[in-house]
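Coordinates in review
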Amino acid sequence: MRRSRLPAAVTVAVLAFLYLPILVLVVNSFNASRFGTTWQGWSLVWYARLAAERDVWAALRVTLVVAVASTVVSLALGTTAALAIHRHATRLQRVHSLLLSVPLVMPEILMGVSLLLFFAALGVPLGVLSIVLAHVTFSLSFVAMVVLGRLQGFEESLIEAARDLGAGPWTAARRVLLPALAPGLVAGALLAFTLSVDDFVITFFVAGPGATTLPIRIYSMIKHGSPPVISALSTLLLLVTFAAVAASQRLIERER
Amino acid sequence: MTTAASRRAGEWCLTAPSLAWLVALVLLPTLVVVAIALRPADPYGGVGTGWTLDGVRALARPAYAAIAWRTAWLSFVTTALCLILATPMAYVMARAGAAWRRRLLLLVVVPFWTSLLVRIFAWKVVLHPDGAIKRALAAVHLVDPSATLLYNPGAVLLVMVYTSLPFAILPIYAAAERFDFALLEAARDLGATSSVAFRSVFVPGIGRGLAGAALLVFIPSLGSYIVPDLVGGPGGEMVGNVIAQRVFVDRDLPHASALSAALTLVVLAPIVAALALRAREETIAPPKGDPR
């Protein structure tokens, strides 16, 4: 029996489509040519120029501060939300999980506009605080979904068993629930961190003039800056992405 | 304290933090948008007092019809192309051996985790007026040497498909992974050609995954802002760009709110339809184990 080759051909074409632009970008970052249109030999000049861009490194710091803060808060909120939905099948939890799914489907621009207007109406100053509030709002839903997925395979009676054996509620949570949830918590934190580091649209609306994150800096570089320097920065970011994905893959494999 | 009461208290302890956060930062801001849409604009870029329908009436501007239409067709075609490209790929991934499956999944996941701005910028480099693609196309007389590949709806469509593809591949793959491929063999044993078997057995079999992928691509597409902003130009603007202009350029917040509220309603429609469909499915065939 012969199988059609078409699906395999589509797969190869899709992979080429996904990776060719990235490849062009990476090669261009090493191109001595200023406009990147003709090949003028290998060069690290754009990386040297990038290293001298102090704004980029300041933006990276803001990004990391925001990402760490929003990851910690959304991890706590998302985990309690997942526990509530998993343990209780009440009308309250139906409302809860409905509200929780809104940030998953709401287009970013709508969340950005509504948060901007809300902060303006309340007089919340735009800056690092407003960015963290916004990032927690979308990350917490993703954390809750990931942790909920992990909880679905968890035997709740194990906690009762621990309690019957004399463990207090906190000990049972720490010694039984936490180890079982750990992979979900790590995955949720990783997701929240990445979403925060990568977010542009919502951040653009709620950042105000005071706080510039890395994506906002890259955006203004795309609009006004030197293309090969952005290519160099993009290549470094790609490297970090590859390393992170490879590391998480390694983690998942060890888990099995 | 009775156990029911303590259970109730425990539920509230776990629910209150996230519920309060979501009410304060999702529900209330959405209501604020609706309220501001019904307010007059003040000349200083703020929101005036009293109530008016000016912001809502501004939605009837003739220029908006063209932009709404462009947003709709770009989102629809993006979704269609993503499903057409992702389905065969998900099929290949699901049928591959464990090692290849892992490799392919990794190749799909990397762009998914890569910065959106980096991926859009890569296309700006590729489609650059002096870039290789443009010169190759001009050399074989497919495009005029003075034509530009960027800043038009076609460029927006291309980059939207590019950025959305992983969101289509992953849910379809998740469904395909659970598909029983013996059904395809059975269809072919009964005389179906492989393309007929693919269309009439495999595609319906992964219906849930296709529907999920369609929603995950279509809804964010309707709210696209950054892709048309960077590669669209004035001829490739979508509703998201108009909202941002009303906020940042004219500082007409009631007008921006009216546009946002309208987009929210449009976005809600397919979600409500999907929920209603699923509810009906479940009343017809109560989920007893595997629905297939």
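Scoring rules and cut-offs
- The numbers attached to residues start from 1 for each chain and follow its sequence in the written order.
- Naming scheme: in the order in which they are written, chains are lettered from A and ligands are numbered from 1.
- Totals for whole chains, interfaces and linings use all residues, but because this is a predicted model, local features are given only for residues with pLDDT of at least 70 and pairs of side-chain atoms are given and counted only at 80 or more.
- Think of a nonpolar core as buried Ala, Val, Leu, Ile, Met, Phe, Trp, Tyr and Cys residues, each tied to the set through C-beta atoms within 7 Å.
- Burial is judged by counting the other C-beta atoms within 10 Å of a residue's own C-beta: 20 or more makes it buried, 12 or fewer makes it exposed, and any count in between marks it as partly exposed, with every C-beta position built from the backbone.
- Working definition: helices are DSSP H or I runs of at least four residues, strands are E runs of at least two. Numbering for both runs from the N terminus.
- Where each domain begins and ends is defined by an automated method or by a domain database.
- Two residues qualify as a contact pair if the distance between their C-beta atoms, derived from the backbone, is within 7 Å.
- Axes here mean lines fitted to C-alpha atoms, for a helix over just the part in contact, with angles spanning 0 to 180 degrees between N-to-C directions.
- Under this scheme an angle from 65 to 115 degrees is roughly perpendicular, one under 35 degrees roughly parallel, and one over 145 degrees roughly antiparallel; angles in between are oblique.
- Note on convention: the crossing is left-handed when the near helix lies turned anticlockwise from the far helix by less than a right angle, right-handed when the turn is clockwise.
- Polar here means any residue other than Ala, Val, Leu, Ile, Met, Phe, Trp, Tyr, Cys and Pro, which are nonpolar, and Asp, Glu, Lys and Arg, which are charged; Gly is therefore polar.

The subject of this paragraph is the nonpolar core. It is characteristic of soluble globular proteins that their nonpolar side chains tend to be buried jointly. Formed by 142 residues in total, the largest nonpolar core has its most connected members in A:Val113, A:Leu115, B:Ala86, B:Ala90, B:Val159, B:Ile169 and B:Ile172. In terms of residue count, helix H7 (residues 153-177) of chain B provides more of this core than any other element does, 16 residues in total. Each of domain 1 (6-45) and domain 2 (52-225) of chain A accounts for three or more of the residues forming this core. Leave out the neighbours within four places in its chain, and B:Ile172 touches B:Ala86, B:Thr87, B:Ala90, B:Ile206, B:Gly209, B:Leu210 and B:Ala213.

Right, let's get into the domain arrangement of chain A. How big an interface is tends to be expressed through the accessible area that disappears when the partners come together. When cut into domains, chain A gives domain 1 (6-45) and domain 2 (52-225). Taken over C-alpha atoms, the centre of domain 1 of chain A sits 34 Å from the centre of domain 2 of chain A.

A few words now on helix H7 (residues 157-164) of chain A. By the criterion of burial, H7(A) is predominantly exposed, with just 0 of the 8 residues buried. Just beyond H7(A), the residue with positive phi is A:Gly166, at close to 105 degrees.

Our next topic: the environment of B:Gly223. Along the polypeptide, B:Gly223 turns up in the loop between helix H10 (207-222) and helix H11 (226-231). Placed 152 residues apart in sequence, B:Gly223 and B:Thr71 show a C-alpha to C-alpha distance of 8.4 Å.

Packed helix pairs are characterised by how far apart their axes lie and by the angle those axes make with each other. Residue and element names in this part refer to chain B. Put simply, helix H3 (residues 62-95) and H7 touch, their axes get as near as 6 Å, and they point 40 degrees apart. One finds that H3 runs oblique with respect to H7. Of the two possible hands of crossing, H3 and H7 adopt the one that is right-handed. Tallied by class, the residues present in the contact of H3 with H7 amount to 23 nonpolar, 3 polar and 2 charged.

Bringing the interface of chain A and chain B into the picture now. With 67 residues of chain A at the interface, the matching set in chain B holds 64 residues. Elements that contribute at least two residues to the side of chain A that touches chain B include exactly helix H1 (6-29), helix H3 (54-87), helix H4 (91-105), helix H5 (108-122), helix H6 (128-151), helix H8 (169-198), helix H10 (214-224) and helix H11 (227-255) of chain A. Sort the elements by how many residues they give to the side of chain A that touches chain B and H1(A) lands first, with 14 residues. Class assignment for the residues of the side of chain A that touches chain B results in 48 nonpolar, 16 polar and 3 charged.

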